[in-house]
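Letter by letter, the chains look like this.
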Amino acid sequence: MLALMKTFKVYSHQWYGYEAVKQGVSWPGFFFGFIWAMVKKLQRTAAGLFMAFAVILIIDSIADTIHSTLLSLVAAGCYLALCLAAALKGNEWRSKNLETRGYILIDTIRATSPPEAIARVAGEKNQP
C-alpha cells in the first residue's frame, strides 16, 4: 500500500524528548474538539472549546424549547464553525504551545507518521 507523505514539524525538549506536529488539517481536532485539546496538553484551548460547546448546547436547548428552527440552524452553524476552527488551527495551536513549554523546533520534515519523522530527525542528530 502506498503511504502518503505528510509534513511534520519536529520539536525537541531537553527533558521530555521529541514531539512531531503534522502540518495542515487536524482531523482529530475536528472530530474530538476539547478532548483532543486536553490530550495534547492544550488546557486553555480545551477550556475555551468546552465553554463554547456548552454555550452552543444551551442555545440549541433554548431553540428546542421555543421551537425555533432559525435558532437551531444558528447553533448548528456555530458548532460547525467551532469544529472547523479546531481542524484548521489545531496543529498551529499545538506548535505554539510546544514552543511556550520550552520545546525547540529542530526541523520540518516529510514522513508518513510522527514516529517516523522523529526517528529520522533523531537519527540525523546522532550521526557525525
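As a reminder, the structure under discussion sits directly above these lines.
Residues numbered from 1 in each chain as written. Predicted model: local features only at pLDDT ≥ 70, side-chain atom pairs only at ≥ 80, totals over all residues. Heavy atoms only, no water.

(A) Region of the structure containing unusual backbone geometry. The phi dihedral of Lys 41 is positive, around 65°, even though this residue is not glycine. Tracing the sequence through the fold places Lys 41 in the loop between helix H1 (27-39) and helix H2 (43-65). The exposure class of Lys 41 is partly exposed, given its relative accessible area of 46%. A positive phi is found at His 67, a non-glycine position, where the angle reads about 55°. Looking at the secondary structure, you find His 67 in the loop between H2 and helix H3 (69-100). (Helix = DSSP H or I, 4+ residues; strand = E, 2+ residues; numbered from the N terminus. Buried < 20%, exposed > 50% of the residue type's maximum accessible area, 1.4 Å probe, protein only.)

(B) Region of the structure containing the packing of H2 against H3. One way to put it is that H2 packs onto H3 with a least axis distance of 8 Å and a crossing angle of 170°. It follows that H2 is roughly antiparallel to H3 by the angle criterion. For the pair H2 and H3, the sense of crossing is left-handed. Across the interface between the two elements, Thr 45, Leu 49, Ala 52, Phe 53, Ile 56, Ile 59, Asp 60, Ile 62, Ala 63 and Asp 64 of H2 pack against Leu 71, Ser 72, Ala 75, Cys 78, Tyr 79, Leu 82, Cys 83 and Trp 93 of H3. Of the residues that constitute the contact of H2 with H3, the class distribution is 14 nonpolar, two polar and two charged. (Axes fitted to C-alpha atoms, helices over the stretch in contact; angles between N-to-C directions. Parallel < 35°, antiparallel > 145°, perpendicular 65-115°, else oblique. Left-handed = near helix turned anticlockwise from the far one by under 90°. Contact = heavy atoms within 4.5 Å. Nonpolar A, V, L, I, M, F, W, Y, C, P; charged D, E, K, R; others polar.)

(C) Focus on H3. The first and last C-alpha atoms of H3 sit 43 Å apart over 32 residues, in line with the 46 Å expected at 1.5 Å per residue. The largest bend along H3 reaches roughly 55° and is located at Lys 89. Among the residues making up H3, those that are buried are Ala 75, Leu 82, Cys 83, Ala 86, Ala 87, Gly 90, Asn 91, Arg 94, Ser 95, Asn 97 and Leu 98. Packed against the buried residues of H3 are strand E1 (6-13), strand E2 (17-22), H1 and H2. (Expected span 1.5 Å × (residues − 1). Bend = angle between axes of the 7 residues up to and from the residue.)

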